Amino acid sequence: MREERFLGEGGLRLDQFLARALPRVSRSHVRALIERGAVLVDGTRRPSDFRLRGGELIRVDATPRGWPEESFEDWVLHEDADLLVIAKPAGLLVHPLGESWLRTPAAALEEPGPNLAGLLIKHRAKSLAGLARCGIVHRLDRPTSGVMLVAKSLRAEERLLAGFRERRIHKVYRAIVLGKVLE
């Protein structure tokens, strides 16, 4: 979804109307769009609880905002037919909060902030078609940088998930501490 236009339905709150009009998008995401000013009612920003009279022109601009300026390709450490290995930078969310992106992966592109799932869809959509969770088989917390493995085939996805589940994939964590470490 980039920009969509609707005619309002009387008696409904703006967020309720958009949740019905955009069934693939979660209600919390609808509220986030409204709060960031991506929704205009007759050319004016309105709050989520704005009551529609009916017939208003509602414009939704869900163009992704805030994607990192760095090239996604600079993060790729290795890629073959089955596997993508990425150096995830600190501050990047792995996947959006909520579950709407699991039902409709393109919803990850519509999040107000950057996330790895959305970047994978943007840069590797054909490679990840048909894979659950955009091929993401593990995660790192937002403030953590590190190497992430992304499956590009069902076979790789199954093997990686089993490897993490059975603890056959060895992970190493390193921390840099500024100041004194207290015992």
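The structure reproduced in this document is the subject of the present report. (Residues numbered from 1 in each chain as written. Predicted model: local features only at pLDDT ≥ 70, side-chain atom pairs only at ≥ 80, totals over all residues. Heavy atoms only, no water.)

### With respect to the overall build of the chain
Stated formally: Per the convention used, a helix needs a DSSP run of H or I reaching at least four residues, while a strand needs a run of E reaching at least two, with both numbered from the N terminus. Only protein chains enter the accessibility calculation, which uses a 1.4 Å probe; a residue whose area is less than 20% of its type maximum is buried, one above 50% is exposed, and one in between is partly exposed. The contact rule is simple, with two residues in contact once any of their heavy atoms fall within 4.5 Å. The protein chains shown are the only cover counted for residues, whose accessible areas, like all others here, come from Shrake-Rupley with a 1.4 Å probe.
When helices and strands are counted, the chain shows five helices and seven strands. The secondary structure elements of the chain, listed N-terminal to C-terminal, are β-α-α-β-β-β-β-β-α-α-β-α. Across the 183 residues that make up the chain, the buried fraction comes to 42%. Summarising the internal contacts of the chain: among those between residues at least 6 apart in sequence, 56% fall at separations of at least 24. As displayed, the chain offers around 11000 Å² of accessible surface, 52% of which is attributable to carbon and sulfur atoms.

### Observations concerning the packing of aromatic side chains
Our working definition: Here a pair means two rings of Phe, Tyr or Trp (six-membered ring of Trp) with centres within 6.5 Å. Their orientation is stacked below 30 degrees between planes, edge-to-face above 60, and tilted elsewhere.
Scanning the entire structure with this criterion turns up two aromatic pairs. Centre to centre, the rings of Phe6 and Phe17 are 6.1 Å apart; their planes meet at 85°, and the pair counts as edge-to-face. Taken together, the residues span a long stretch of sequence, with Phe6 in strand S1 (residues 3-7) and Phe17 in helix H1 (residues 14-21) at a distance of 11 residues. Of the two residues, Phe6 and Phe17, neither departs from the other in class, the shared state being buried.

### A closer look at the pattern of salt bridges
Applied cut-off: We count a salt bridge whenever a side-chain nitrogen from Lys or Arg sits within 4 Å of a carboxyl oxygen from Asp or Glu.
Taken as a whole and judged by the stated rule, the model has nine salt bridges. Arg20 is the salt-bridge partner of Glu9, the closest N and O atoms lying 3.7 Å from each other. In this pair, Glu9 is assigned in the loop between S1 and H1 and Arg20 in helix H1, connecting sequence segments 11 residues apart. Relative accessible area serves as the criterion here: at 40%, Glu9 is assigned to the partly exposed category. The residue Lys152 makes a salt bridge to Glu79 at a minimum N-O spacing of 2.7 Å.

From the geometry alone we can't say anything about function, so treat these as descriptive.
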